[in-house]
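Inside the fold
Read off the chains here:
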Amino acid sequence: MGQYKKLWYALIAVLIVTFSILGYLGTEVYRQAPPFPDKYVTASGETVITKEDILAGQSAWQSTGGMEVGSVMGHGAFQAPDWTADWLHREAEAWLNISAEEKFQKKYADLGKPEQASLLAALREEYRNQSQPREDGTVVLSETRLKAIKAITPYYLSVYGDDPAFEKTRESFAMKNNTLPDAQARNKLTNFFFWTAWSSSTNRPGHTFTYTNNWPHEPLLNNVPTTENYMWSFASFVFLLMGIGFLVWGYHFLRKHDKEPEAPAADPLAKIALTPSQKALWKYAALTVVLFIVQILLGGLVAHYTIEGHSFYGIPLSDLLPYSLARTWHLQSALFWIATGFLTAGLFIAPIVNGGKDPKGQRLGVNLLFIALFIVVAGSYSGNFFAITHIMPPHLNFWFGHQGYEYLDLGRFWQLLLYVGLLFWLFLMLRCTVNAFKANGDKNLLTIFVASIVGVGMFYGPGLLYGEHTTLAVMEYWRWWVVHLWVEGFFEVFATAALAFVFYNLGLVSYRSATTASLVAGSLFLVGGVPGTFHHLYFTGTTTPVTAAGASFSALEVVPLILLGHEAYEHWSHQHAAPWMKRLRWPLMCFVAVAFWNMLGAGVFGFLINPPITLYFLQGLNTTAVHAHAALFGVYGFLALGFVLMVGCYIKPHFTYNEKLMTTGFWMLNGGLSLMIVSSLLPVGIFQAAASITHGLWYARSEEFMQQGFLELFRWIRTFADLIFIGGASLFAYQVIKMSISRDKSQA
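Note that the coordinates shown come from a computational prediction; the quantities given were computed from them, not determined experimentally.

The next subject is the overall build of the chain. When helices and strands are counted, the chain shows 27 helices and 7 strands. Projected onto its principal axes, the C-alpha positions of the chain cover 90 × 55 × 45 Å. Burial status across the chain gives 62% buried among its 748 residues. Pairs at least 24 apart in sequence give 77% of the contacts found in the chain among residues at least 6 apart. Accessible surface computed for the chain: about 27900 Å², of which carbon and sulfur atoms make up 66%. In the chain, 49 positive and 49 negative side-chain charges are present, and the distance between their average locations comes to 12 Å.

Let's shift gears to the sheet that holds strand β1 (residues 39-41). An order of β2-β1-β5 is seen for the 3 strands of this open sheet, with the pairing classed as mixed. Two strands lie at the open edges of the sheet, namely β2 (47-50) and β5 (138-140), each paired on one side alone. In this sheet, neighbouring strand axes are inclined to one another by 25 degrees on average, regardless of whether the strands run parallel or antiparallel. The pairing of β1 with β5 spans 3 bridges and is classified as parallel.

The terminal C-alpha atoms of helix α17 (residues 472-505), which comprises 34 residues, lie 47 Å apart, in line with the 50 Å expected from a rise of 1.5 Å per residue. Of all bends in α17, the biggest is about 40 degrees, found at Trp486. Across the 34 residues that make up α17, a large majority, 30, are buried. Just beyond α17, the residue with positive phi is Gly507, at close to 80 degrees.

A few words now on the packing of helix α3 (residues 83-104) against helix α5 (residues 143-159). Running from N to C, α3 and α5 point in directions that differ by 135 degrees, and their axes come no closer than 8 Å. On the basis of the axis angle, α3 is oblique to α5. Classified by chirality, the crossing of α5 by α3 is right-handed. Contacts between α3 and α5 pair Trp83, Asp86, Trp87, Arg90, Glu91, Ala94, Trp95, Ile98, Ser99 and Glu102 from the former with Thr144, Arg145, Lys147, Ala148, Ile149, Ile152, Thr153, Tyr155, Tyr156 and Val159 from the latter. For the contact of α3 with α5, the residue count by class is 11 nonpolar, 3 polar and 6 charged.

Our next topic: unusual backbone geometry. With omega at 0 degrees, the peptide bond leading from Trp215 into Pro216 counts as cis. The residue Pro216 is located in the loop between α7 (183-201) and α8 (227-253) in this model. Positive phi, close to 55 degrees, is recorded for Gln105, a residue that is not glycine. Counting through the fold element by element, Gln105 comes out in the loop between α3 and α4 (113-129). Despite not being glycine, Asn213 shows a phi value in the positive range, around 55 degrees. Along the chain, Asn213 falls in the loop between α7 and α8. Looking at Asn213, the relative accessible area reads 6%, which means it is buried.

Glancing now at the nonpolar core. Ranked by internal contacts, the top residues of the largest apolar core, which has 246 residues, are Trp83, Phe193, Trp425, Phe638, Leu641 and Phe643. With 25 residues, the single largest contributor to this core is α17. Those residues in contact with Trp83 that lie beyond four places of it in its chain are Val69, Gly70, Ser71, Val72, Tyr156, Val159, Tyr160, Phe173, Met175 and Phe193.

Here the focus is the pairing of β2. Of the strand pairs in this sheet, β1 and β2 are connected by 3 bridges, and their pairing is antiparallel. Residue Val41 lies in a different strand from β2, and its bridge partner there is Thr47. Joining the antiparallel neighbours β1 and β2 is a turn of 5 residues, in which Gly45 adopts a positive phi near 95 degrees.

This paragraph deals with the packing of aromatic side chains. Between two aromatic rings, the relevant description is the distance of the centres plus the angle of the planes. Scanning the entire structure with this criterion turns up 70 aromatic pairs. Measuring from centroid to centroid gives 5.7 Å for Tyr538 and Phe539, while their planes differ by 65 degrees, and the two rings are edge-to-face. Accessibility expressed as a relative area gives 2% for Phe539, which makes it buried. If you follow Arg585 out to its NZ or CZ, it ends over the ring of Trp586, 4.6 Å from the centre.

We now examine the pattern of salt bridges. For the coordinates displayed, the defined rule picks out 13 salt bridges. Across the pair Glu91 and Arg145 runs a salt bridge whose closest N-O atoms are separated by 2.5 Å. One end of the pair, Glu91, is in helix α3; the other, Arg145, is in helix α5, with 54 residues separating them in the sequence. Residue classification places Glu91 among the buried residues on the basis of a relative accessible area of 0%. Overall, the relative accessible area of 0% leaves Arg145 in the buried class. Taking the shortest distance from any N to any O, the salt bridge between Asp136 and Arg134 comes out at 3.7 Å. Judged by its relative accessible area of 45%, Arg134 is partly exposed. Each of Glu68, Arg327 and Glu406 takes part in a single network of salt bridges with overlapping partners.

Once that is clear, we can look at the environment of Gln332. Among the secondary structure elements, Gln332 is positioned in helix α11 (residues 323-353). Given a relative accessible area of 2%, Gln332 falls into the buried group. In this structure, the C-alpha to C-alpha distance between Gln332 and Tyr381, residues 49 residues apart in sequence, is 8.6 Å.

Moving on to the packing of α17 against helix α18 (residues 511-529). Viewed as axis vectors pointing N to C, α17 and α18 meet at an angle of 175 degrees, and their least axial separation amounts to 9 Å. With respect to α18, the element α17 is oriented roughly antiparallel. Packed against α17, whose contacting residues are His484, Leu485, Gly489, Glu492, Val493, Thr496, Ala497, Ala500 and Tyr504, the element α18 presents Tyr511, Ala514, Ala517, Ser518, Ala521, Gly522, Phe525, Leu526 and Gly529 at the interface. Of the residues in the contact of α17 with α18, the class split is 11 nonpolar, 6 polar and 1 charged.

Under the criterion given, the structure shown has 0 disulfides. In this structure Cys590 is a free cysteine whose sulfur lies 10 Å from that of Cys649, the closest cysteine sulfur available. Overall, Cys649 belongs to the buried group, its relative accessible area being 3%.

Conventions and cut-offs
Residues numbered from 1 in each chain as written. Predicted model: local features only at pLDDT ≥ 70, side-chain atom pairs only at ≥ 80, totals over all residues. Heavy atoms only, no water. Helix = DSSP H or I, 4+ residues; strand = E, 2+ residues; numbered from the N terminus. Buried < 20%, exposed > 50% of the residue type's maximum accessible area, 1.4 Å probe, protein only. Contact = heavy atoms within 4.5 Å. Areas by Shrake-Rupley, 256 points an atom, 1.4 Å probe, with all protein chains shown as cover. Lys, Arg positive; Asp, Glu negative; His and termini not counted. Charge placed at Lys NZ, Arg CZ, Asp CG, Glu CD. Pairing = 2+ DSSP bridges. Axes fitted to C-alpha atoms, helices over the stretch in contact; angles between N-to-C directions. Expected span 1.5 Å × (residues − 1). Bend = angle between axes of the 7 residues up to and from the residue. Parallel < 35°, antiparallel > 145°, perpendicular 65-115°, else oblique. Left-handed = near helix turned anticlockwise from the far one by under 90°. Nonpolar A, V, L, I, M, F, W, Y, C, P; charged D, E, K, R; others polar. Core = buried A, V, L, I, M, F, W, Y, C linked by side-chain atoms within 4.5 Å. Phe/Tyr/Trp six-rings, centres within 6.5 Å; stacked < 30°, edge-to-face > 60°. Lys NZ or Arg CZ within 6 Å of the ring centre and 35° of its normal. Salt bridge = Lys/Arg side-chain N within 4 Å of Asp/Glu carboxyl O. Disulfide = S-S within 2.5 Å.

Below, the structure is given as structure tokens:
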């Protein structure tokens with residue numbers, strides 16, 4: 001460890017403490033998750049819904065695309081309703097109307113305020129306190145509630161079926177006709193929706209708030225933010241300010257401002273002969289941008305489906321390529337191409353670590369990994385298609401078709417193959433580092449780099465730790481290990497360590513600066529990022545300690561992002577360090593964009609939805625999409641593109657990126673993303689937020705609200721942003737593919 005001993009101790013302490021919190025509270029998630037009652041019964045003991053009915057409904061929901069058709073408990077797509085909030089509101093309204101007719105022979109809306117108040121009090125008492133599980137695992141439902149359930153069930157059967165009377169509604173929700181063609185499966189589906197609404201309206205035993213911490217906002221049931229929600233929201237702002245203060249203090253008082261070395265006269269990496277495995281990376285670069293283009297074209301289609309739910313400018317597509325399938329492929333493609341870009345960078349750096357040599361069989365391994373990636377992409381897409389079109393038998397859906405969970409939509413079999421591929425990549429990387437550790441010299445930078453690749457290779461695995469019928473709270477815990485911790489945590493640390501290693505080998509930064517930056521960044525990113533995972537779980541059926549950890553640590557995630565302006569300036573300055581650095585202008589410009597979008601997309605827009613009080617009202621709205629687009633592409637997308645462009649500069653040294661095309665493409669990507677946010681996603685999200693705060697989430701996601709003319713106009717305006725973005729991506733992709741298939745003039 002040497003002179004970096006304190007930094008290593010700090011990083012190790014961060015890992016021990018943060019993963020202890022994540023693990024301990026994970027056991028709390030298991031213990032306190034909303035239960036699947038053995039059965040729901042009438043007052044006389046007659047069974048009406050069983051646990052098996054609910055689990056069958058969960059499987060039916062997954063087979064439709066799950067979170068890609070509306071959302072459940074706030075997680076999923078933004079177009080159709082949040083089925084939890086929608087069912088809860090409809091059932092409560094039905095209960096009030098049935099009770100009003102029975103007691104006063106009037107509709108609830110026609111009653112006087114005293115009569116309405118008495119019914120509201122009875123509704124809240126029954127739903128919040130009288131529907132808790134008994135010791136024998138049963139829940140008693142009143143006759144009135146059973147009538148309410150029976151009254152609203154036909155709506156969901158019709159929406160998920162092909163009832164002509166609901167054709168317009170399905171188009172508004174971008175749901176194809178017969179989204180779930182089997183009538184029996186549709187009945188089971190309603191049991192699952194009921195269970196999510198029951199979890200959201202039933203007080204946790206011994207408490208005065210529901211299993212979901214009173215989410216969603218529903219005035220009829222007095223579902224309002226809890227005291228704990230307010231307290232930990234205020235605390236998160238305090239932690240944010242405190243973190244920023246300490247970081248600025250430490251940056252100026254503890255940082256040693258070493259003078260960076262002068263750039264060498266020639267590119268040091270260009271002097272290293274390319275290895276066979278590095279030369280084979282051209283196809284990885286091409287696959288990265290091909291998947292990128294596929295992803296954004298699907299994104300454009302998904303965005304248009306929010307206007308024409310069944311068509312693309314009059315062309316009927318929904319029967320063959322419905323919204324749910326297009327969105328599934330859109331999200332899966334994003335993970336695939338970004339991960340491929342990162343894998344490409346690692347496979348390029350590995351032989352450099354090994355002294356410019358390939359271990360025996362490295363090129364074969366690189367080629368086999370490429371074939372494996374291709375099989376996983378093609379196989380998982382096919383499985384998604386056969387699942388959503390219901391060609392695949394239902395019992396095969398979870399394993400080979402569609403898991404139903406956003407970002408982990410691929411069937412479990414394909415998910416396992418992808419993890420095997422990542423482990424094989426890790427093997428290819430580690431076998432190049434063995435000899436490097438045997439060489440003389442300081443190993444601190446190498447160690448943090450190797451630790452980061454272990455994180456990338458290993459931490460996709462937790463996504464395999466839930467099953468088809470795992471309760472949603474537990475599933476979300478493991479899902480966010482992948483989406484948040486793997487992508488936003490370990491990808492970030494890998495990128496920092498990889499760039500530090502490259503810039504040191506280019507002679508642009510000192511070894512001390514590269515090593516210190518990597519260790520400090522690792523601690524800063526992970527201290528908030530690991531327990532910050534819990535901010536996604538506030539309302540999935542977790543308890544106050546989870547809210548406290550999520551709110552406190554997710555605020556700290558934003559802290560290191562305030563210094564990214566300095567990082568962006570350093571990356572921008574590198575291109576002027578020496579004449580030969582001009583070749584690396586476009587990778588560096590991508591890294592500049594990463595710093596900007598990390599600050600805005602991950603920092604500002606991320607913190608917009610991080611505190612419990614804001615997410616309480618904003619979860620499931622387009623404000624979430626603002627953060628998702630700005631952070632996922634703005635940070636990790638630009639990182640992947642930067643890595644691919646950088647690798648291209650070395651594996652095709654005689655190829656020069658077209659300056660005019662790259663300049664145009666770069667600014668079209670950034671401009672298109674910015675316009676997408678400010679002209680559509682953010683305005684729609686703001687109007688939805690007002691509706692959610694005033695009336696409840698059910699209204700902010702309803703057909704009545706979302707199909708208003710002015711909101712549809714915002715979605716039309718987004719078309720221009722999408723076209724600009726697609727144009728910029730096409731220019732980038734054209735240059736990368738041209739680089740990939742080019743031949744060196746010396747070999748021609």
